[in-house]
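Given next are the chains, with one letter for each unit.
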Amino acid sequence: MTTAQTQELDVQPTPLALLLLGREADPRSERGVECPGDLPSPSDPDLVARARAAKEKLGDKVFVLGHHYQRDEVIQFADVTGDSFKLARDAAARPEAEYIVFCGVHFMAESADILTSDDQKVVLPDLAAGCSMADMATAEQVAECWDVLTEAGIADQVVPVSYMNSSADIKAFTGRHGGTICTSSNAERALNWAFEQGEKVLFLPDQHLGRNTAVRDLGMSLEDCVVYNPHKPNGGLTAEELRAAKVILWRGHCSVHGRFSLDSVNDVRERIPGVNVLVHPECKHEVVSAADYVGSTEYIIKALEAAPAGSKWAIGTELNLVRRLANRFAAEDKEIVFLDKTVCFCSTMNRIDLPHLVWTLESLAEGTLVNRIEVDTETEKFARLALERMLALP
């Protein structure tokens, strides 16, 4: 369990005025699915000066992490940028920083708290910046799933592998049951390791990354995989189906990457002759199968860095990053477009905006700790164990 702590310094919650920035989101919709079409206009330039002043006042006491999917107005204040695991490790490598301000989403801040020292305080500028994928697997649901596997007589054969995009509770479950964490970069190594430990894998919480890794990288068949639906009795599976499966996929997905379709790929090939289609492995299996290249966020960036001038690319990942890369490589005559015609940002990632960041930095500069993310000792113990197994992967 994690909480915004109200101890030690005068810890304050996010002001109502900032929470209301997201007032038009539909509370009945899945978190992270809203697709507004475009970002709001740039923040008041005065906020830029205020952010710079507060950050300068804090000096080495603060270390700002910026995930690749953050908007440019936030990224400009990041000390380092990267994917979630890289940023968590970067934070751990800066023990002199008292405050770690994580411009990302909740599970990322949890991972940073797990990997940093007890003296460091991890702060999330907006506590409503969650992740729809991580929200699709709760501790209670996963515990119930394990009971189903036990009743089917296969729990002792199953090794859990959980994606970094999961809550601290799910990472702790993985650690307790002898499993490991993976990223989109090392999922193949993680699955290979898991099959050396047991006969079956329970992959949490992204079914697409699990399926793509098992089928595309390990050479399994689609029939080797079954999908466990936590909203159905026994996951919607019979004991026989569970016993026959090699990979049990949790029914979760990324609400942004899940939007890309085979039609998106076919359409962009018709519109842009000679285009290279490059997608993230969180995309659906049919999209990954139709793409020219598949890889993590870091892979996507490096592929475009190495691409020849004049090449054309359609990218299937979050739009903030695609736009940033398109602007970055325009001078090299590299044409980079978003794979889908529909503009879609990750709405929860975009909750971290300049007003929230300014409020956070100014509060810290005044000695007020806000929006601290802290993982309890027991959860941290087993989540760290799962993360350490990942770090030890061959």
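Here, the structure is the one placed above.
Small disclaimer: the values here were computed from a predicted structure and weren't measured.

Calculation notes
Residues numbered from 1 in each chain as written. Predicted model: local features only at pLDDT ≥ 70, side-chain atom pairs only at ≥ 80, totals over all residues. Heavy atoms only, no water. Pairing = 2+ DSSP bridges. Helix = DSSP H or I, 4+ residues; strand = E, 2+ residues; numbered from the N terminus. Axes fitted to C-alpha atoms, helices over the stretch in contact; angles between N-to-C directions. Contact = heavy atoms within 4.5 Å. Expected span 1.5 Å × (residues − 1). Buried < 20%, exposed > 50% of the residue type's maximum accessible area, 1.4 Å probe, protein only. Arc of directions from axis to C-beta. Salt bridge = Lys/Arg side-chain N within 4 Å of Asp/Glu carboxyl O. Phe/Tyr/Trp six-rings, centres within 6.5 Å; stacked < 30°, edge-to-face > 60°. 1 Å grid on protein atoms, 1.4 Å probe; cavity = no way out; pocket = protein on both sides within 12 Å on 5 of 7 lines; lining within 4 Å. Points joined across faces, edges and corners; volume = space filled by probe spheres on them. Nonpolar A, V, L, I, M, F, W, Y, C, P; charged D, E, K, R; others polar. Core = buried A, V, L, I, M, F, W, Y, C linked by side-chain atoms within 4.5 Å. Polar contact = N/O pair within 3.5 Å; in protein donor to acceptor, adjacent residues only side chain to side chain.

## A look at the sheet that holds strand β7 (residues 180-182)
1) Next: Spatially, β7-β6-β8-β10-β9 is the arrangement adopted by the five strands of the open sheet, whose pairing is parallel. The strands lining the two open edges of the sheet, one partner per strand, are β7 and β9 (225-228). Averaged over all neighbouring strand pairs, the angle between strand axes comes to 25 degrees, with direction disregarded.
2) Next: Taken together, the three bridges between strand β8 (residues 200-204) and strand β10 (residues 247-250) define a ladder with parallel strand orientation. Bridge assignment links Val201 to a residue of β10, and that residue is Val247.
3) Next: Set on the sheet, helix α10 (residues 207-217) makes contact with β6 (158-163), β8, β9 and β10; between it and β10 the angle comes to about 155 degrees.

## Quick word on helix α7 (residues 139-151)
1) Next: For α7, with 13 residues, the first-to-last C-alpha span of 19 Å sits near the 18 Å given by 1.5 Å per residue.
2) Next: By the burial criterion, the buried members of α7 are Gln141, Val142, Cys145, Trp146, Val148 and Leu149. Across the axial projection of α7, the buried residues extend over an arc of 155 degrees, all falling on one side. Residues of α7 that are exposed and point over 90 degrees away from its buried face: Glu140 and Glu151.
3) Next: Packing partners of the buried residues in α7 comprise β6, α8 (168-176), β8, β9, α11 (239-244) and β10.

## Considerations on the pattern of salt bridges
1) Next: Within this structure, the stated rule accounts for 18 salt bridges.
2) Next: Residue Arg324 pairs with Asp72 through a salt bridge whose shortest N-O separation is 2.7 Å. Note that Arg324 is positioned in helix α15 (residues 319-329) and Asp72 in helix α3 (residues 72-75), a separation of 252 residues in sequence.
3) Next: Bridged by salt links that share partners, the residues Lys61, Glu98 and Lys121 form one connected network.

## Examining the packing of aromatic side chains
1) Next: Enumeration over the complete set of coordinates arrives at four aromatic pairs.
2) Next: Residues Tyr228 and Trp250 carry aromatic rings whose centres are separated by 5.3 Å and whose planes lie at 25 degrees to one another, so their mutual orientation is stacked. With Tyr228 in strand β9 and Trp250 in strand β10, the pair connects residues that are 22 residues apart, well separated along the chain.
3) Next: What makes Trp250 buried here is its relative accessible area of 0%.
4) Next: Summarising the aromatic geometry, the rings of Phe260 and Phe338 are spaced 5.4 Å apart at their centres and angled 65 degrees between planes, so their arrangement reads as edge-to-face. Pair noted here: Phe260 is in the loop between β10 and α12 (262-271) and Phe338 is in strand β14 (residues 335-338), with a separation of 78 residues, a long-range link. Phe338 shares its class with Phe260; the two are buried.

## Some points on empty space enclosed by the protein
1) Next: One pass over the structure, following the stated rule, counts one cavity of 30 Å³ or more.
2) Next: Volume-wise, the largest cavity comes out at about 350 Å³.
3) Next: The wall of the largest cavity is formed by 28 residues, among which His67, Tyr69, Met108, Asn165 and Glu282 lie closest to the centre.
4) Next: At the level of secondary structure, the elements contributing two or more residues to the lining of the largest cavity comprise α4 (84-92), α5 (106-115) and α6 (132-135).
5) Next: Considered class by class, the residues forming the lining of the largest cavity number 13 nonpolar, 12 polar and three charged.

## Thoughts on the nonpolar core
1) Next: With 110 residues, the main nonpolar core has Phe203, Val279, Ile336 and Leu361 as its most contacted residues.
2) Next: In this structure, Phe203 is in contact with Val161, Cys182, Leu191, Leu209, Gly210, Val247, Ile248, Leu249 and Trp250, ignoring residues within four places of it in sequence.
3) Next: Within the second largest apolar cluster, 21 residues are counted, among which are Cys145, Val226, Leu242 and Ala245.

## Quick word on the side chain of Asn350
1) Next: With respect to the secondary-structure elements, Asn350 resides in the loop between β14 and α16 (354-365).
2) Next: In terms of polar contacts, Asn350 uses its side chain to reach the backbone carbonyl oxygen of Cys346, at 2.9 Å.

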